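Chain by chain, the residues run as shown.
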Amino acid sequence: MGLYNDTVMDHFMNPRNVGELENPDGTGVYGSPVCGDMMQVQVKIEDDIIKDAKFKTFGCGSAIASSSMATEMIIGKPVEEALEITNKTIIDELGGLPPVKVHCSVLADHAIKSAIYDYAQKNGKHYKGLEGFD
Ligand code: FES
Ligand code: FES
């Protein structure tokens, strides 16, 4: 112990929103250039609001905790507000991650943006916060 705080441990031991959605409106996959670990995020979007989100990852405990927290943070939010979430805000919500694990939270951040991008592409939507995203 000591390395991870209680919030991180809780989200690691009891991750929220794990799995896949039946009919996702958008799917994003992101692989970390640092370690090669993968993250998939799926979203359900209605009237530009994120109704549901699920994730699956081959990443480590910090990636699991980050995605668990990140999916909780975006569910119920307007898409453009969800797009304002960065790996830094995820880490802040978690109460901090050890420095060597910071890049694991980037997986959640990028996979969420890529899932929203997928939805936007398929539905001809333009959201603030997706400019320059591929
Ligand atoms: Fe691979 Fe964190 S996701 S070490
Ligand atoms: Fe892979 Fe952390 S080592 S994302």
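Owing to the predicted nature of the structure, the values given are computational and were not obtained by experimental measurement. (Residues numbered from 1 in each chain as written. Chains lettered and ligands numbered in written order. Predicted model: local features only at pLDDT ≥ 70, side-chain atom pairs only at ≥ 80, totals over all residues.)

**Thoughts on the UniProt feature "domain: NIF system FeS cluster assembly NifU N-terminal" (unreviewed entry) in the protein**
(1) Moving on: Taking the UniProt record as the reference, the feature "domain: NIF system FeS cluster assembly NifU N-terminal" (unreviewed entry) is found at residues 4-124.
(2) Moving on: As annotated, residues 4-124 has a helix share of 46% and a strand share of 20%, and its two end C-alpha atoms lie 41 Å apart. (UniProt positions renumbered as here; feature names shortened; annotations may be inferred. Helix = DSSP H or I, 4+ residues; strand = E, 2+ residues; numbered from the N terminus.)

**Side note on helix α5 (residues 102-123)**
(1) Moving on: For α5, built from 22 residues, the straight-helix expectation of 32 Å at 1.5 Å per residue is met to within 8% by its first-to-last C-alpha distance of 33 Å.
(2) Moving on: Positive phi appears at G124, one or two residues downstream of α5, with a value of about 60 degrees. (Expected span 1.5 Å × (residues − 1).)

**Examining the packing of helix α2 (residues 61-74) against helix α4 (residues 87-94)**
(1) Moving on: Packing of α2 against α4 brings their axes to within 9 Å, and their N-to-C directions diverge by 100 degrees. The orientation of α2 with respect to α4, classified from their angle, is roughly perpendicular. In this structure, α2 uses A65, S66, M69, A70 and M73 to contact α4, whose residues at the interface are I90, E93 and L94.
(2) Moving on: The residue inventory of the contact of α2 with α4, partitioned by class, reads 6 nonpolar, 1 polar and 1 charged. (Axes fitted to C-alpha atoms, helices over the stretch in contact; angles between N-to-C directions. Parallel < 35°, antiparallel > 145°, perpendicular 65-115°, else oblique. Contact = placed C-beta atoms within 7 Å. Nonpolar A, V, L, I, M, F, W, Y, C, P; charged D, E, K, R; others polar.)

**What to know about the packing of α4 against α5**
(1) Moving on: Where α4 meets α5, the axes come as close as 8 Å, and the angle between the chain directions of the two elements is 115 degrees. Classified by the interaxial angle, the pair formed by α4 and α5 is roughly perpendicular. Crossing of α4 over α5 shows right-handed handedness. Across from N87, I90 and I91 in α4, the residues of α5 making contact are V102, S105, V106, A108 and D109.
(2) Moving on: Considered class by class, the residues forming the contact of α4 with α5 number 5 nonpolar, 2 polar and 1 charged. (Left-handed = near helix turned anticlockwise from the far one by under 90°.)

**Description of the nonpolar core**
(1) Moving on: Counting residues in each nonpolar core, the largest one holds 33 residues, and the members touching the most others are A111 and I112.
(2) Moving on: Only β2 (38-46), β3 (49-57), α2, α3 (79-82), α4 and α5 provide two or more residues apiece to this core.
(3) Moving on: Counting residues per element, this core draws most heavily on α5, at 9 residues.
(4) Moving on: Apart from residues no more than four positions distant in its own chain, A111 is found in contact with G28, V29, Y30, M39, Q40, V41 and F55. (Core = buried A, V, L, I, M, F, W, Y, C linked by C-beta atoms within 7 Å. Buried ≥ 20, exposed ≤ 12 C-beta atoms within 10 Å, placed from the backbone.)

**Let's talk about the sheet that holds β3**
(1) Moving on: The strand order across the open sheet formed by 3 strands is β1-β2-β3, and the pairing between neighbours is antiparallel. Two strands close off the open sheet at either side, each with one partner strand: β1 (26-31) and β3. Pairs of neighbouring strands in the sheet enclose a mean axial angle of 20 degrees, with direction left out of account.
(2) Moving on: The pairing of β2 with β3 spans 8 bridges and is antiparallel. From the neighbouring strand, V43 faces β3, where its bridge partner is A53.
(3) Moving on: Seen against the sheet, α2 touches β2 and β3 and runs at an angle of roughly 170 degrees to β3.
(4) Moving on: Its contacts with the sheet place α5 against β1, β2 and β3, and it is angled at close to 145 degrees to β1. (Pairing = 2+ DSSP bridges.)

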